[in-house]
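Secondary and tertiary structure notes
The lines below spell out each chain.
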Amino acid sequence: MVMTDARFQRMALEYEALRSTQDKIMDGLDQVLPNMVMAIEQNRAAIEQNRAAIAEANHKLDALIKHWNVDYEKPPMGFNPE
């Protein structure tokens, strides 16, 4: 009987420890997730700005290549388009 009570008490303590840990994790997520969402939105905006800048740089490079009549059949030494 004593062993059974000890086992039930241990199981109850393990359950309480597990629930306490889960509560701490969930509380932490409640605090962290809004900040993560805001950071993701800021990063999306920065990514769009980078895409626009890259597109503009590519357009300028294409214009220079066209202006200088760069032959892509024989790329410059050390140039690998892939």
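Relevant structure appears above.
First things first, this report covers the structure right here in the doc. (Residues numbered from 1 in each chain as written. Predicted model: local features only at pLDDT ≥ 70, side-chain atom pairs only at ≥ 80, totals over all residues. Heavy atoms only, no water.)

**Overview of the overall build of the protein**
Helix and strand counts for the protein stand at one helix and zero strands. Buried positions account for 0% of the 82 residues belonging to the protein. Of the roughly 8,000 Å² that the protein leaves accessible, carbon and sulfur atoms contribute 61%. (Helix = DSSP H or I, 4+ residues; strand = E, 2+ residues; numbered from the N terminus. Buried < 20%, exposed > 50% of the residue type's maximum accessible area, 1.4 Å probe, protein only. Areas by Shrake-Rupley, 256 points an atom, 1.4 Å probe, with all protein chains shown as cover.)

**Considering the pattern of salt bridges**
Inspection of every chain in the model, using the stated rule, returns four salt bridges. For arginine 51, the salt bridge identified is with glutamate 48, shortest N-O distance 2.9 Å. One end of the pair, arginine 51, and the other, glutamate 48, are both in helix H1 (residues 2-67), three residues apart, so they sit about a helical turn from each other. (Salt bridge = Lys/Arg side-chain N within 4 Å of Asp/Glu carboxyl O.)

**Considering a nonpolar patch on the surface**
Taken together, the side chains of Ile25, Met26, Leu29, Val32, Leu33, Met36 and Ile40 define a hydrophobic patch exposed on the protein surface, amounting to about 600 Å² of accessible area. Mapped onto the fold, leucine 29 is located in helix H1. (Patch = residues over 30% accessible without salt bridge, like charges linked within 9 Å, V, L, I, M, F, W, Y side chains within 5 Å.)

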